[in-house]
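Examining the three-dimensional arrangement
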Amino acid sequence: MAAPAAFSLREVLSAFEACVTEQREVLLGPYLCGWRGLIRFLHSLGAVFSFISKDAEAKVQLMEGLCCGEHRERYVSLQSMVRYELDSGLVELHRRSGRPDSGCRTVLRLHRALRWLQLFLEGLRTGGEHSRTSAICTDSYNASLAAFHPWVIRKAATMAFCALPSRDAFLRTMNVGSAEDAVAVLGEALPHISDVYSITQELFAQHRLLDLP
Ligand code: 1Q0
């Protein structure tokens, strides 16, 4: 069996860059590719993070299933997915009732995590040489995803963050050269992640989908 390909920051970032079309639609194919890459990276950080990668993996898998399922032409972009799922009554707006999870509620979870990623990468990029990855990660988490997680998950997540390597070691695991090179790549790439985030945020807000159970 071939060894899994090493994580490359560039690959993940170019996936997020490829998401946004000229019409400002967000394409699901590259979106999920970007997530696949992030999950691969999370694996390389060790078993402490596996409860996080498992959840992300399950959500990405569910979305991939929809993207190659019976209604795949509806799952080309986030915009077409929202239109289709709302029109067909597939989105549970108030309570989960045991029906299969919708694409909308699943993407919403990834979307909230993307906000964390945006803050975290910005923190890494602008942090000093000696800043601690775990502190940057905790601050980004508290300012974003934590609001949506119950106490026990917040506790487990903050404990796992303590296992993160130093900023320089962390930047080097991104496989784009020195820490300075990684910082430069982050600088180029962050606007694309922010773009994907804000288009999605606007789309979900417009359809009142930001609180899906
Ligand atoms: C670098 C350290 C990684 C830290 C990840 C921070 C996020 C912590 C999230 C903790 C999630 C705990 C597991 C379960 C959560 C679910 O309850 C929750 C809600 O779902 P549901 O179905 O119960 O309503 N799920 C989520 O909120 C989704 C969480 C997805 C987290 C995905 C994190 C992916 C991280 C990748 C590492 C990227 C590191 C940067 C690399 C740079 C590359 C550009």
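Here goes a summary of the coordinates provided. (Residues numbered from 1 in each chain as written. Predicted model: local features only at pLDDT ≥ 70, side-chain atom pairs only at ≥ 80, totals over all residues. Heavy atoms only, no water.)

Attention shifts here to unusual backbone geometry. Glycine aside, the phi torsion of most residues is negative, and most peptide linkages are trans. Look at R24: it is not a glycine, yet its phi comes out positive at around 60°. The exposure class of R24 is partly exposed, given its relative accessible area of 42%. (Buried < 20%, exposed > 50% of the residue type's maximum accessible area, 1.4 Å probe, protein only.)

Turning next to the packing of helix α1 (residues 9-17) against helix α2 (residues 28-44). Geometry of a packed helix pair, given as the angle between the helix axes and the separation of the axes. Packing of α1 against α2 leaves a shortest axis separation of 7 Å and a crossing angle of 160°. Viewed along their axes, α1 and α2 adopt a mutual orientation that is roughly antiparallel. The element α1 and its partner α2 pack so that their crossing is left-handed. Of the residues in α2, those touching α1 at E11, V12, A15 and F16 are P30, Y31, C33, G34, W35, G37, L38 and R40. (Axes fitted to C-alpha atoms, helices over the stretch in contact; angles between N-to-C directions. Helix = DSSP H or I, 4+ residues; strand = E, 2+ residues; numbered from the N terminus. Parallel < 35°, antiparallel > 145°, perpendicular 65-115°, else oblique. Left-handed = near helix turned anticlockwise from the far one by under 90°. Contact = heavy atoms within 4.5 Å.)

Another aspect to go through is the site of the ligand. The local shell around the ligand holds 28 residues, among which D55, K59, R105, R109 and H149 are the closest. Contacts to the ligand include H149, whose side-chain N or O atom sits 2.8 Å from an oxygen atom. With the chains in place, 91% of the 980 Å² that the ligand exposes on its own is no longer accessible. When contributions to the shell around the ligand are tallied by element, the ones reaching two or more residues are α1, α2, α3 (50-67), α5 (103-126) and α7 (151-161). Ranked by residues supplied to the shell around the ligand, first place goes to α5 with seven residues. Here the shell around the ligand is built from residues that sort into 23 nonpolar, one polar and four charged. (Near = heavy atom within 4 Å. Polar contact = N/O pair within 3.5 Å; in protein donor to acceptor, adjacent residues only side chain to side chain. Areas by Shrake-Rupley, 256 points an atom, 1.4 Å probe, with all protein chains shown as cover. Nonpolar A, V, L, I, M, F, W, Y, C, P; charged D, E, K, R; others polar.)

Here we take up the nonpolar core. Grouped together as the largest cluster of nonpolar side chains are 63 residues, with contacts concentrated most on Y31, M81 and M174. Counting residues per element, this core draws most heavily on helix α9 (residues 179-206), which supplies twelve residues. (Core = buried A, V, L, I, M, F, W, Y, C linked by side-chain atoms within 4.5 Å.)

Time to look at the pattern of salt bridges. Using the criterion set out here, one finds twelve salt bridges in the structure. Its salt-bridge partner being R24, residue D195 comes within 2.8 Å of it at the nearest N-O pair. Of this pair, D195 sits in helix α9 while R24 sits in the loop between α1 and α2, and the two are 171 residues apart along the sequence. Residue class for D195 comes out partly exposed when judged on its relative accessible area of 23%. Look at the salt bridges and you will find they share partners, linking R36, E57 and E64 into a network. (Salt bridge = Lys/Arg side-chain N within 4 Å of Asp/Glu carboxyl O.)

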